[in-house]
Amino acid sequence: ETGVTQTPRHLVMGMTNKKSLKCEQHLGHNAMYWYKQSAKKPLELMFVYNFKEQTENNSVPSRFSPECPNSSHLFLHLHTLQPEDSALYLCASSQVSQWVQDSGNTIYFGEGSWLTVV
Amino acid sequence: GQNIDQPTEMTATEGAIVQINCTYQTSGFNGLFWYQQHAGEAPTFLSYNVLDGLEEKGRFSSFLSRSKGYSYLLLKELQMKDSASYLCAVRGNTDKLIFGTGTRLQVFP
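Residues numbered from 1 in each chain as written. Chains lettered and ligands numbered in written order. Predicted model: local features only at pLDDT ≥ 70, side-chain atom pairs only at ≥ 80, totals over all residues. Heavy atoms only, no water.

On to the overall build of chain A, then. Along the backbone of chain A there are one helix and 11 strands. The C-alpha atoms of chain A give 14 Å as radius of gyration, which agrees with the globular expectation for 118 residues (13 Å, within 12%). Oriented by its inertia axes, the alpha-carbon framework of chain A measures out at about 45 × 30 × 30 Å. Sorting the 118 residues of chain A into buried and exposed places 47% on the buried side. For chain A, the proportion of contacts with a sequence separation of at least 24, taken over those separated by at least 6, is 56%. In the form shown here, chain A has an accessible surface area of approximately 5800 Å², with 50% of it arising from carbon and sulfur atoms. (Helix = DSSP H or I, 4+ residues; strand = E, 2+ residues; numbered from the N terminus. Rg over C-alpha atoms; globule rule 2.2 N^0.38 Å. Buried < 20%, exposed > 50% of the residue type's maximum accessible area, 1.4 Å probe, protein only. Contact = heavy atoms within 4.5 Å. Areas by Shrake-Rupley, 256 points an atom, 1.4 Å probe, with all protein chains shown as cover.)

This brings us to the pairing of strand S4 (residues 32-37) of chain B. All names here are of chain B. With six of six residues buried, S4 is to be regarded as a mostly interior element. The alternating pattern of S4 places Leu32, Trp34 and Gln36 and Phe33, Tyr35 and Gln37 on opposite faces, both of which are buried. The sheet contact formed by S4 and strand S5 (residues 44-49) spans five bridges and is antiparallel. By the bridge assignment, glutamine 36 is partnered in S5 with threonine 44. (Pairing = 2+ DSSP bridges.)

A separate point is the sheet that holds strand S3 (residues 18-25) of chain B. Residue and element names in this part refer to chain B. Pairing within the open sheet is antiparallel, and its five strands lie in the order S1-S3-S8-S7-S6. The open sheet is flanked by strand S1 (3-5) and strand S6 (53-57), the only strands paired with a single partner. Strand after strand, the sheet turns through a mean of 15° between neighbouring axes, direction not considered. (Axes fitted to C-alpha atoms, helices over the stretch in contact; angles between N-to-C directions.)

Here we come to the sheet that holds strand S8 (residues 73-79) of chain A. Residues and elements named next belong to chain A. The strand order across the open sheet formed by four strands is S1-S3-S8-S7, and the pairing between neighbours is antiparallel. This sheet does not close on itself; its edge strands, each paired only once, are strand S1 (4-7) and strand S7 (64-70). The average undirected angle you get between the axes of adjacent strands in this sheet is 20°. In terms of strand pairing, S1 meets strand S3 (residues 18-25) through four bridges, oriented antiparallel. Bridge pairing in S3 places valine 4 opposite glutamine 25.

Turning our attention to the layout of surface pockets. Picture a little ball the size of a water molecule; that probe, rolled over the atoms, points out where space is still empty. Approximately 630 Å³ is the volume found for the largest pocket. The wall of the largest pocket is formed by 25 residues, among which Ala39 and Lys40 of chain A together with Ser85, Thr101 and Arg104 of chain B lie closest to the centre. A per-element tally of the lining of the largest pocket places strand S9 (residues 84-91) of chain B first, with three residues. Classifying every residue of the lining of the largest pocket gives nine nonpolar, 11 polar and five charged. (1 Å grid on protein atoms, 1.4 Å probe; cavity = no way out; pocket = protein on both sides within 12 Å on 5 of 7 lines; lining within 4 Å. Points joined across faces, edges and corners; volume = space filled by probe spheres on them. Nonpolar A, V, L, I, M, F, W, Y, C, P; charged D, E, K, R; others polar.)

Let us look at the pattern of salt bridges. All names here are of chain B. Counted under the stated rule, the structure contains five salt bridges over all chains. In this structure, the salt-bridge partner of arginine 104 is glutamate 9, at a minimum N-O distance of 3.6 Å. With arginine 104 in strand S11 (residues 103-108) and glutamate 9 in strand S2 (residues 9-13), the pair connects residues that are 95 residues apart, well separated along the chain. The exposure class assigned to arginine 104 is partly exposed, which follows from its relative accessible area of 41%. (Salt bridge = Lys/Arg side-chain N within 4 Å of Asp/Glu carboxyl O.)

In short, geometric facts, not functional conclusions.
Pasting the structure below:
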């Protein structure tokens, strides 16, 4: 139990489908993230929400659309994806503090959602 | 550019000691993190270094040299359950965490 839960854990979707990934954090953190993990590549930051406001969009294609209704929930809406979008999508949260050196704003990850686009 | 380098794979024997190195080149530095990730699972936080030196946590230790852009994760008394990928990540000036590709460690009996 990491304190960050993601659903669904596995998702298979066609290229014309619309689906959503859901993330919930139970850690009382004020920042949430979406990362993409592909085989043999580093974790790629996709989106950052700080106090529910999007502060980072790391040049992600518009077929990925994030939504953060409150500080403990985060969604990733998926539409007309491509097979190369198949990957593990990780949600994470952290407590952003001005005293960054105390804990480094450590990021805690959820278990991930395995996405396969067919 | 920003770059994190770590070996792709390492092997070791149960009970041994293994050192996983990480070198980095980033715009600014606000801390270095090590994560452990078992296959099919979430990365879990292991350690955080922001000042030079060694941080020890049980069987795991992490070292940082900011002047050399270098860190290592030291795992002692290896156990089979330590077989996993170990991710090095650096927080630069932009506050984003930049990850390396990870080192896959296999521990053999």
